[in-house]
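Structural features, examined
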Amino acid sequence: MSQLNDFLVQIPDKPGVLATRMSNVGTHMARLKGLVEVGTIVMSGPTLTAHPKSADEGLPINGSAWLVRASTEEEVRTVVADDIYAKLGVWDLDNVTVTPFKCAVRKPL
């Protein structure tokens, strides 16, 4: 079995895709839940252009960020490409960054 490594993943959204993103969030989250349960995804969430100034203000989402455990960068990119947001063209797959990461402190998995 290959050693698992940590990778920080930043996935920008394409412009004008918020409606598509939001209408498919249930499918996206259901898949992520399974990936969290098997330990592939440690954390994930939307990236923002800024934090809202009030609780009733919508989130200015501009992409996604994940912490992924995988053997290789290629495995990480496959996990990204298999997501509904990738398949529907929400994510800008040409500009995904996958950065090797060595976590020094975290709550035990």
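Thresholds applied
Residues numbered from 1 in each chain as written. Predicted model: local features only at pLDDT ≥ 70, side-chain atom pairs only at ≥ 80, totals over all residues. Heavy atoms only, no water. Helix = DSSP H or I, 4+ residues; strand = E, 2+ residues; numbered from the N terminus. Contact = heavy atoms within 4.5 Å. Buried < 20%, exposed > 50% of the residue type's maximum accessible area, 1.4 Å probe, protein only. Salt bridge = Lys/Arg side-chain N within 4 Å of Asp/Glu carboxyl O. Pairing = 2+ DSSP bridges. Axes fitted to C-alpha atoms, helices over the stretch in contact; angles between N-to-C directions.

1. Some thoughts on the side chain of Arg21
Along the chain, Arg21 turns up in helix α1 (residues 18-23). Excluding residues within four positions of it along the chain, Arg21 makes contact with Asp13, Pro46, Ile61, Gly63, Ser64, Tyr85, Val90 and Trp91.

2. Concerning the environment of Lys87
Secondary-structure assignment places Lys87 in helix α4 (residues 84-87). You can call Lys87 exposed: its relative accessible area is 60%. In this structure the C-alpha to C-alpha distance between Lys87 and Lys33, which are 54 residues apart in sequence, comes to 18 Å. Lys87 has contacts with Ala81 and Asp82, leaving out every residue within four places of it along the chain.

3. Focus: the pattern of salt bridges
In total, this model carries four salt bridges according to the counting rule given. A salt bridge links Asp13 to Arg21; its shortest N-O distance comes to 2.9 Å. Here Arg31 makes a salt bridge to Asp83, at a shortest N to O gap of 3.2 Å. Of the two residues, Arg31 sits in helix α2 (residues 25-37) while Asp83 sits in the loop between α3 (73-81) and α4, which places them 52 residues apart along the sequence. Judged by its relative accessible area of 0%, Asp83 is buried.

4. Section: the sheet that holds strand β4 (residues 97-101)
If you walk across this open sheet you meet the four strands as β2-β3-β1-β4, and the pairing is antiparallel. Every interior strand has two partners, whereas the edge strands, β2 (41-48) and β4, have only one. Taken over all neighbouring pairs, the strand axes of this sheet differ in orientation by 20° on average, direction set aside. Pairing between β2 and strand β3 (residues 61-70): seven bridges, direction antiparallel. From the neighbouring strand, Met43 faces β3, where its bridge partner is Leu67. Most of the contacts of α2 go to β2, to which it runs at about 145°, and overall it touches β2 and β3.

The quantities given are spatial measurements derived from coordinates; they are silent on function.
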